[in-house]
Amino acid sequence: MADIVTASFHKNRRTTLERIEKYISDVYFTDANLRGKLYPSSKPIEKIWHWALPGGEGKWEKFPFSSIVGQNFTPTKVGESFGPTWSTHWFKLEVMIPENWMGQEVWLRWKSQSEAMVWSESGSPLQGLSTGVEKQMRSGYRISECWKPTERRLPLVYYIEMSCNNMFGAGKNGMINPPDENKTFTLEMAEICTLDKQVRKLLLDLDVLHGMAKKLEEDPRGYEALYCANQMINYIVNGNKSLASRIADNFFAKRNGERAHTLAVMGHCHIDSAWLWPYSETKRKCARSWSSTLQLMKDYPEMKFVCSQAQQFEWVKMYYPELYARIKIRVQEGRFIPVGGTWVEMDGLIPSGESFMRQFLYGQRFFQKEFGLKCKEFWLPDTFGYSAQFPQICKLFGINRFLTQKLSWNLVNRFPHHNFLWEGLDGSTVLAHFPPGDSYEMDVTVDEAVRTVKNLEDKGRVTTSAFLYGFGDGGGGPTSDMLERARRLSDVDGCPRMEHMSPSEFFQRLEKDQRNLCRWVGELYLELHNGTYTSQAKTKKQNRECEFALREAEMLLAVTTIRGLLRNSEGYRYQAELGEAWKKVLLNQFHDVIPGSSIGIVYRDSDVLYQEALKFAKGIKNFCLDVLCKGNSSEGENEMSVINTLPWPVKKVINVSKEILEEPSQKRIRLEEETMQPASTGGHYVAVKAQGIGYSKLNVTHAAPVEVGFKDNKFILRNSFIEAVITRYGTVENLRLAGGDARDVFAVDHQDGVKYGNKINLYDDIPLYWDAWDTMDYHLETEQHLNHEGVQLVQEMEIVESGPLLVKLRWHMKISEHSSLRQDIELTAVNPYLTFNTYVDWHEKHKFLKVSFDTGLHAKKATFDSQFGHVERPTHSNTTWDSAKFEVCGHKWADISEHNFGVAVLNDSKYGWTCKGSKLSLSLLRSPKAPDDKCDMGAHTFKYALMPHDGSFQKAQVQKKAYEFNTDLIVTPSQSLNVKADTWFNLEGEGAMIEAVKLSEDNGNVVVRIYEMNGGRSTVRLRITAHPPPASAQLCNGLEEPIAPLVLVKSHPSSGTEAYVCDLHLTPFKIVNVLLIYARQ
């Protein structure tokens, strides 16, 4: 009866509980407790050689393992330090195993205060090590489970690659602080040892029992665990480890009841593609983490590991092909499971809708090509908010399930569901799950297991919850201790069941409970990290520029190819290269890069990627223009043409360069006969009109002149659309539509005082902790209005351009002793908005710069541009949910309107907005000091515009004007374009946008992507050039796979060019993909 548990002598729970804790502690009493007996024998590694890889961050990529072994290694020893930060050091170890260790489990232990990788002598990456962060420690590599002298020839040779950073980079005096660039890392341990398997089992038994005794405080089963562990210690102390082990086994054999909640246990390793470390280090983090996972799979056949981000798989394929081959084997076994379907785990708010489409397109295609599978789950556990268009985009790629946990970080309101049906902007629905443990990096403890069920917001509605375990953020992944605890907790009375599952198995169970779930409609707004809409302004600007540049390049390439001006093979080679350019942009959309929450070195790398993508997009654009417009002819009139890539006619005032005007051709004569305005910077302004998606001969269009006046010390700007009164300090005092008694945007009742637009405001911006991430609600209480009457101007307002096509006012002010702002306020003859071209020299500390438009409008909601549509948000703070949205994300425009009257603000590169009451503000620049202490310091250029309108913003075509504001007309010489105009693609009907025209990824065809942008139902006609004629048209999914045929009809217009048309029936915010099939060339 010795294996029957007897309670402790005294009913003193605290002392018994603490006894157990100290007995397994790795800090206290290790000379006498059980932890101190884990490694009974150890031996220093005496032969250690070192070689410092030359260069710093990222230089390791140029040195394959085959080149490492031939380097000049020199002797080193424990106690030596290595650096600086981001450098790489290689060590060669010769290991002699004592003869008396035969039959024992032998380990290599290494502690270098850093991350490292163990390599075999033949160059196979064996396992990652991490000893720089106590919480995420992995210091051992198992040499042999049962050593035999005949197993391998001695000495054993290993190589260790040391990275001079820890799991979370190298922050100076704090994790998220900028890195200490000169940090060194000390080799603290290099030894081999034996491991006592029985002691390890007992340690893990006691660990789980202690967890149950501590967590199940008022539960009899908690006391049973307490007394079991106490008696185990007594047996161990008396030398009877076997009996102690047996009573633990008996305890864990007591099973749960039928209704116990099940935790779907999944190995996980969240690796930020960049954050507190650069991209180059992430490549090694993937190898370290995934090699460790493969090692564990040998010992734990039940283990299933989920892994997202196609980009990271591609990195491992490129730099670690042998490791990648081993991963592919486990993928085929269904144990190493790709999830997510995206190129990276991207930010969920700032990228455009087309960027989201490309994340899934390139992610799913990679997984399909490499592993023969398509992901069924969208996996985005750690981004800072979720677009309302995600459900529809997911479904376009065959994904019906979604997992995240980030909304558990909400600062104000607790999200009411862990399982729900998420309805997107167009009505599409996916099944959403938030792991109720509120983490994607569990340690598999009793506390986590019990907390998961306690937290569950859907008790009684679901039977299973996801439980993601493994070190994360900086990588690391699962450990053997986690898996051992999962075995003990698989079905023990008092805790929820644990069952290893794949995401698909888990969601299949959840789908059975779907009838019980509630519905959430619209965006998933994270009540935290809303400073990321503004931090790292240059990054966000480059992202917007790349998105539009790639759109243009793809469209021109598609037209050039289908017209036979390029061979299909050439066109698709260029399209594949544009895909690579897209991937550079997509990588930078990772959820710690584009939000602005990474260290400075990351933005050096992202700048390079953006510029490479931009350069290639412009190169393809110019190449296609050359082929399209010049042809093969060197003769003929070299006239100017204008190409418009938007699907509606566009009027703009453009600057025709001096070189064009001085060219001796008829184009100069034609321009001289029309109205022109000399530009102060050279060339001439002309007003032109260009038809939708196609080209026109460059002909000047007539426009009523724009005027500028000066009265009562104020400037009056007027065109045929609007009239504005501008003060000497840059504020807009009055803004109204032209003609009659039009209402002033800024008119208010007398008791409300005077209101203005273009108020430049400065705020204190000190968050609670997450510097680059957070701006807090209290920052709004610190507003300083800078450009008010009496402010000291660096330069008085002056008239720079005075019409008749363009008027420009310029003023210049100091923001502080360190920063300044210069602004050109511009009104053209053809646009219904006032443009503010802004130049800021910014050198602040924890300040926030915004521009506000304090209108006289009374509206309970404002509307913000979003991916493939728009979202409405309250302008009041009635509830805590409303007040938490004090800083929100929007794209190219935002609008605040009453019935039949309103005002919109357009922009070219900004994403942060505030709208409270009648005041709409656009966030311009922040100045956080961590993790990048130089964030946004320096010169910035950006523009925004103010557009009053009658009727709704839809009727006023605000969305179209925002696209025009972000898109330039292309002016180019032409020889081969021998007709006055040619439309390539167009839409007849209102309320839709052609977001993309591209060559399909396969089969030599063209994809046209259209979305409904007004939030209503409509029928539009897609008009397709008849040169060449498409053979057929089909609806397709996001992967460009045909779904259903479309009726394609040849149109014979009484005037204009021949075309083919197909009718599309759109519902609110619907995304439609049309695949045009062309005859093979």
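Bear in mind that the values here come from a model prediction, so they are computed numbers and not experimental data.

Parameters and conventions
- Residues numbered from 1 in each chain as written.
- Predicted model: local features only at pLDDT ≥ 70, side-chain atom pairs only at ≥ 80, totals over all residues.
- Heavy atoms only, no water.
- Helix = DSSP H or I, 4+ residues; strand = E, 2+ residues; numbered from the N terminus.
- Polar contact = N/O pair within 3.5 Å; in protein donor to acceptor, adjacent residues only side chain to side chain.
- Contact = heavy atoms within 4.5 Å.
- Disulfide = S-S within 2.5 Å.
- Axes fitted to C-alpha atoms, helices over the stretch in contact; angles between N-to-C directions.
- Parallel < 35°, antiparallel > 145°, perpendicular 65-115°, else oblique.
- Nonpolar A, V, L, I, M, F, W, Y, C, P; charged D, E, K, R; others polar.
- Salt bridge = Lys/Arg side-chain N within 4 Å of Asp/Glu carboxyl O.
- Buried < 20%, exposed > 50% of the residue type's maximum accessible area, 1.4 Å probe, protein only.
- Pairing = 2+ DSSP bridges.
- Phe/Tyr/Trp six-rings, centres within 6.5 Å; stacked < 30°, edge-to-face > 60°.
- Left-handed = near helix turned anticlockwise from the far one by under 90°.

*Asks:* What is the right way to look at the side chain of Thr16 in this model?
*Replies:* Within the secondary structure, Thr16 sits in helix α1 (residues 13-23). Polar side-chain contacts of Thr16 include one of 3.2 Å to the backbone oxygen of Asn12. When neighbours within four sequence positions are excluded, Thr16 is seen to be in contact with Ser8, Leu226 and Asn230.

*Asks:* Would you mind showing me how to read the state of the cysteines here?
*Replies:* Formally, a disulfide is one covalent bond, and it connects the sulfur atom of one cysteine to the sulfur atom of another. In total, this model carries zero disulfides according to the counting rule given. Here Cys1036 stays free of any disulfide, with the sulfur of Cys1062 as its closest cysteine sulfur at 12 Å.

*Asks:* Would you mind going over the environment of His949 with me for this structure?
*Replies:* For His949, the position within the fold is in strand β46 (residues 938-950). Placed 11 residues apart in sequence, His949 and Gly938 show a C-alpha to C-alpha distance of 36 Å. Within the structure, the side chain of His949 is placed 3.1 Å from the backbone oxygen of Gly951, a separation counted as a polar contact.

*Asks:* I'm lost on the packing of helix α9 (residues 353-371) against helix α15 (residues 568-588) in this one. Help?
*Replies:* The axes of two packed helices give the description: the angle between them and the distance between them. Here α9 crosses α15 at 110°, and the two axes come no closer than 10 Å. It follows that α9 is roughly perpendicular to α15 by the angle criterion. Contact residues: α9 offers Glu354, Ser355, Arg358, Gln359 and Tyr362, while α15 offers Gly579, Trp582, Lys583 and Leu586. Taken together, the residues of the contact of α9 with α15 sort by class into three nonpolar, three polar and three charged.

*Asks:* Whenever I open this one, the pattern of salt bridges confuses me. Can you help?
*Replies:* Any two side chains of opposite charge can pair, given that their charged atoms come close. What the rule picks out here adds up to 77 salt bridges. Between Asp933 and Lys934 there is a salt bridge, with the nearest N and O atoms lying 3.8 Å from each other. Judged by relative accessible area, Lys934 falls into the exposed class, the value being 58%. Among the ionic contacts, a cluster of salt bridges with common partners joins Arg200, Lys201, Asp205, Asp249, Asp481, Glu484 and Arg488.

*Asks:* Sorry if this is basic, but what is going on with the sheet that holds strand β57 (residues 1071-1077) here?
*Replies:* Across a sheet, strands are paired by hydrogen bonds formed along the backbone, either parallel or antiparallel in direction. Ordered by their spatial adjacency, five strands build an open sheet running β50-β51-β57-β53-β54, and the pairing between neighbours is antiparallel. Each edge of the open sheet is held by one strand with a lone partner, namely β50 (992-999) and β54 (1042-1046). Going from strand to strand, the sheet's axes swing by 30° on average, the running direction of each strand aside. Across seven bridges, the pairing between β50 and strand β51 (residues 1006-1012) is antiparallel.

*Asks:* I keep staring at the sheet that holds strand β47 (residues 970-974) and nothing clicks. Help me out?
*Replies:* Here four strands make up an open sheet; going across it, the order is β47-β23-β27-β48 and the pairing antiparallel. Sheet topology places β47 and β48 (981-983) at the edges, where each strand pairs with a single neighbour. Taken over all neighbouring pairs, the strand axes of this sheet differ in orientation by 25° on average, direction set aside. As judged from the three bridges shared by strand β27 (residues 694-697) and β48, these two strands associate in the antiparallel manner. Directly across from Gly694, in β48, lies its bridge partner Thr983. Contacts between helix α16 (residues 600-630) and the sheet are confined to β23 (639-644) and β47, with β47 contributing the most and set at about 40° to the helix.

*Asks:* Please clarify how the packing of aromatic side chains should be interpreted in this entry.
*Replies:* Any two aromatic rings considered together are summarised by their centre-to-centre distance and by the angle between their planes. A complete count under the given rule lists 58 aromatic pairs for this structure. Considering the side-chain rings of Phe367 and Phe371, the 6.3 Å spacing of their centres and the 25° angle between planes classify their relative orientation as stacked. With Phe367 and Phe371 both in helix α9, this residue pair falls four residues apart, about one helical turn. Here Phe367 matches Phe371 in class, with each residue buried. Ring geometry for Tyr769 versus Trp770: centroids 4.8 Å apart, planes at 80°, classification edge-to-face.

*Asks:* Explanation requested: the packing of helix α6 (residues 279-299) against helix α8 (residues 321-333) in the structure shown.
*Replies:* At a closest axis distance of 11 Å, the pairing of α6 and α8 adopts a crossing angle of 50°. Our classification of the angle between α6 and α8 gives oblique. Here the hand of the crossing between α6 and α8 comes out left-handed. Each of Ala287, Trp290, Ser291, Leu294, Met297 and Lys298 in α6 lies in contact with α8, whose residues at this interface are Leu323, Arg326, Ile327 and Arg330. Taken together, the residues of the contact of α6 with α8 sort by class into six nonpolar, one polar and three charged.

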